[in-house]
Every structure is written in C-alpha cells, then in structure tokens.
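An overview of the molecular structure
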Amino acid sequence: MIKGEQLYSGKAKTVYATNDPKRYIVKFRDDVTAGDGAKKANMKGKGYYNAQISARLFKLLADNGISTHYIKMVSEDEMLVHACDMIKIEVIPRNIAAGSIVRKYEFKQGHPFAQPVLVMDYKNDAAHDPMLNDDIAIALGLVTEKELRKIRKISLRVNDILKQFLGDRGLDLPDFKLEFGKVDKKIVVADEISPDTMRLWRKGTMESLDKDVFRFDKGDLLTTYKEAAKIIVPEIFK
Ligand code: 5GP
C-alpha cells in the first residue's frame, strides 16, 4: 500500500489517498483541540494511543458483526480504511448525563439514563454542530429516513457492545460520538472511537479517562490516555 497525497486534514487526524482509490490512510496526529478549536496543544504519543484504542474498538465491533471502515494498522498511528462518503451527522449515544446535555437540560452530572439517549448533531464546525432531529437531517439531505433507521439501530448496538466491553474492564461509558460513512451505499461506522470522542469514567467514580481532562484542565492528558490504553489495549505494553 503506497501512501499518496493528503486529501483532508481535520483537527486531530489527516486522511491520505493510497494507490488503491477504494482505500485511504488515516493518520492520528498528536494535536488535541477543544471548544471548537479554541484550545489547542500537541502531545507526543497522543495520536499513537488514540489510533491503537480506535483500532481495538473497531476490531471489537467487527467481531460482533458491525461493519466499520477499519481494515488494519499500517504504522503505529496510521490505519488503512475503506474510502467512504462521510455522512455529516454525529450520533451520540448517552448512558449517563454529562457534558452538553447537562448544560442544556436539567439533568445532574452522573445521572444514569434508564435507557440510552441518542442525540444527533449536524457536523458543521462553523455552525458549532447544532443538534438535529430526524426531520431536519432528512430536510438537509444528510440521510434518508431508511438510512436514519439503520444508523439508530447500529448506534444502539455499538453502544451495547462498547458498554459491555468497557464495563468488564472497570470503566463506565457515559457517552461517545459515532460518525458514519457509506461504502457502495452500505452504512459503516467510520472516523474514530477513542478517548477524544468518548467519555470514560472509572466505574462509579466519575473520574475522567478522556478528553475532559484537557477540556477542563484536570491533569496530564497523555498520562490519562496511556492509562486508558493500558485498560483497553494492554497488549501494546507487552
Ligand atoms: P457533548 O455533547 O457532551 O459535548 O459530547 C458528547 C460526547 O460526544 C463526548 O464524549 C464528546 O467527546 C463526543 N463529541 C461530541 N461532539 C464531538 C466533536 O465534535 N468532537 C469530538 N472529538 N468529540 C465529540
């Protein structure tokens, strides 16, 4: 696989073409941002931990019959993925109230939801990712009704799989963000699943092992991500 030209560079990842038009390489960079890019830093090794955690969780999903864009790692912080048309929706399954849902509604931080709450945001930095409902998503032409049904179903299933896997390892999963893409009309889980895009708490403690440590200056982010990696991908420390 030959790495080609840079196609896209986001806040923490860069996407490259390859010699196969159906495959891209995603590099997880050491950049970290918060608050729509208002707060920025670079931490050597952060991209590595996020890439390894994402790869492990994509493999977990594949083992459970969920299609993802992940193919394999091609270096310590780069993954080969199926090229897909990204759907501009962020789907956030929430199990425990934290973050924006606490700021917007009268839920207390740490309140466990009786059943998962699915929130959808429009992936649009300039508009600060406004919340969507089904009708707005369809009216914007982001998805069809059928695709939305499928996205919801996959999101809830992914939530069950991740909650179980992380729960078995002593972690609560208050919420996480999923992005989807289309490969030949088939919907697959894309982007990343890492402490940048999840809230992970040590079970029962609300102690963050995720980007909230950076967002709210709660400690050293790299140490935190290493700690999360030790729990989720212990094999990389052998
Ligand atoms: P909140 O809506 O509370 O800001 O975020 C809910 C969850 O989704 C958190 O785990 C957060 O990390 C993730 N999330 C939502 N939007 C984004 C985003 O634009 N970028 C990243 N990295 N994570 C997001």
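Residues numbered from 1 in each chain as written. Predicted model: local features only at pLDDT ≥ 70, side-chain atom pairs only at ≥ 80, totals over all residues. Heavy atoms only, no water.

1. Remarks on the sheet that holds strand 7 (residues 78-82)
Here is the rule: In this description, strands pair whenever DSSP reports at least two bridges between them. Per the convention used, a helix needs a DSSP run of H or I reaching at least four residues, while a strand needs a run of E reaching at least two, with both numbered from the N terminus. Only the contacting stretch of a helix is used when fitting its axis, a line to C-alpha atoms as for every element, and angles between N-to-C directions run 0 to 180 degrees.
The strand order 1-2-3-7-6 describes an open sheet built from five strands, whose pairing is antiparallel. Looking at strand neighbours, the two that pair on one side only are strand 1 (3-9) and strand 6 (70-75), the edges of this open sheet. Each neighbouring strand pair of the sheet contributes to a mean axis angle of 30 degrees, computed without reference to strand direction. Across five bridges, strand 3 (residues 23-28) lies against strand 7 in antiparallel orientation. Across the sheet, the residue bridging to Ile25 is Leu80, located in strand 7.

2. Observations concerning the packing of aromatic side chains
Applied cut-off: When the centres of two rings from Phe, Tyr and Trp lie within 6.5 Å, Trp using its six-membered ring, the rings pair. Their planes under 30 degrees apart give stacked, over 60 give edge-to-face, and anything left gives tilted. Buried means the residue's accessible area, taken with a 1.4 Å probe over protein chains only, is under 20% of the maximum for its type, while exposed means over 50%, and partly exposed covers the values in between. Charge-over-ring contacts are defined here by two conditions on Lys NZ or Arg CZ: a distance within 6 Å of the ring centre and an angle within 35 degrees of the ring normal.
In the structure shown here, the tally under the stated rule is five aromatic pairs. On the basis of an interplanar angle of 90 degrees and a centroid distance of 5.1 Å, the ring pair of Phe107 and Phe113 is categorised as edge-to-face. Among the residues examined, Phe113 registers a relative accessible area of 13% and is labelled buried. An aromatic cluster of at least three residues, connected via ring pairs, comprises Tyr48, Tyr49 and Phe237. Directly above the ring of Tyr16 sits Lys3, whose terminal nitrogen or CZ lies 4.3 Å from the centroid. A cation sits over an aromatic face here: Arg169 above Phe165, 3.7 Å from the ring centre.

3. Remarks on helix 1 (residues 46-63)
Selection criterion: Here, expected helix span is obtained from the residue count minus one, scaled by 1.5 Å.
Here helix 1 contains 18 residues, and its C-alpha end-to-end distance of 26 Å stays within 8% of the 26 Å for a straight helix at 1.5 Å per residue. A large share of helix 1 lies buried, amounting to 14 of its 18 residues. Gly65 sits one or two residues past helix 1 and shows a positive phi near 80 degrees.

4. Quick notes on the site of the ligand
Inclusion rule: Distances are taken per atom, and a residue is near a molecule or strand as soon as one of its heavy atoms is within 4 Å of it. Here a polar contact is recorded for every N or O atom pair within 3.5 Å, except that within protein the pair must consist of a potential hydrogen donor and a potential acceptor, and residues adjacent in sequence are included only if both atoms are side-chain atoms. What sets the accessible areas is the Shrake-Rupley method with a 1.4 Å probe; for residues, cover comes only from the shown protein chains.
Near the ligand lie 16 residues; those nearest to it are Arg94, Ser100, Asp175, Asp196 and Arg199. The side chain of Glu90 places a nitrogen or oxygen atom 3.3 Å from a nitrogen atom of the ligand. Here Ser100 contributes a side-chain N or O atom positioned 2.5 Å from an oxygen atom of the ligand. Relative to its unbound accessible area of 490 Å², the ligand is 83% covered by the protein chains. Of all the elements in the fold, those that place two or more residues in the shell around the ligand are strand 8 (85-96), strand 11 (171-176) and strand 14 (198-202). Looking at which element gives the most residues to the shell around the ligand, the answer is strand 8, with three residues.

5. Section: the domain arrangement of the chain
The following threshold applies: Domain ranges listed in this record stem from an automatic or a database domain assignment. Whether two residues are in contact is decided by their heavy atoms: any pair within 4.5 Å suffices. The quantity reported as buried area is the accessible area (1.4 Å probe) lost by two parts once they are put together, taken as the sum for both. Just to be clear on terms, a salt bridge is a Lys or Arg side-chain nitrogen sitting within 4 Å of an Asp or Glu carboxyl oxygen.
Each assigned domain of the chain is listed here: domain 1 (3-82) and domain 2 (85-219). Taking only C-alpha atoms, the centre of domain 1 and the centre of domain 2 are 18 Å apart. Contact with domain 1, which involves 27 residues of that partner, is made by 25 residues of domain 2. Note on domain 1 versus domain 2: buried area summed over both sides is about 2,300 Å², and carbon and sulfur give 63% of it. The residue Lys39 makes a salt bridge to Asp217 at a minimum N-O spacing of 2.8 Å. Linking domain 1 to domain 2 there are 14 residue pairs in polar contact (both at pLDDT 80 or more). Broken down by secondary-structure element, the contributors of at least two residues to the side of domain 1 that touches domain 2 are strand 4 (31-34), strand 5 (39-42) and helix 1. Looking at which element gives the most residues to the side of domain 1 that touches domain 2, the answer is helix 1, with nine residues.

6. Comments concerning the pairing of strand 1
Of the strand pairs in this sheet, strand 1 and strand 2 (residues 13-18) are connected by four bridges, and their pairing is antiparallel. What sits directly across from Lys3, in strand 2, is Thr18. The turn linking strand 1 back onto strand 2 is made up of three residues.

7. Some points on the nonpolar core
Soluble globular proteins: nonpolar side chains tend toward being buried together. Defined as follows: Side-chain atoms within 4.5 Å are what join buried Ala, Val, Leu, Ile, Met, Phe, Trp, Tyr and Cys residues into a set we call a nonpolar core.
Membership of the largest hydrophobic core comes to 56 residues, with the highest contact counts inside it found for Leu162 and Val189. Per-element accounting of this core gives the leading share, nine residues, to helix 1. The two domains that each donate at least three residues to this core are domain 1 (3-82) and domain 2 (85-219). Dropping the residues within four chain positions of it, Leu162 is found in contact with Leu57, Leu60, Leu61, Gly167, Leu173, Phe176 and Ile193. If you look at the next biggest cluster of nonpolar residues, it comprises five residues, including Ile92, Ala97, Ile101 and Val119.

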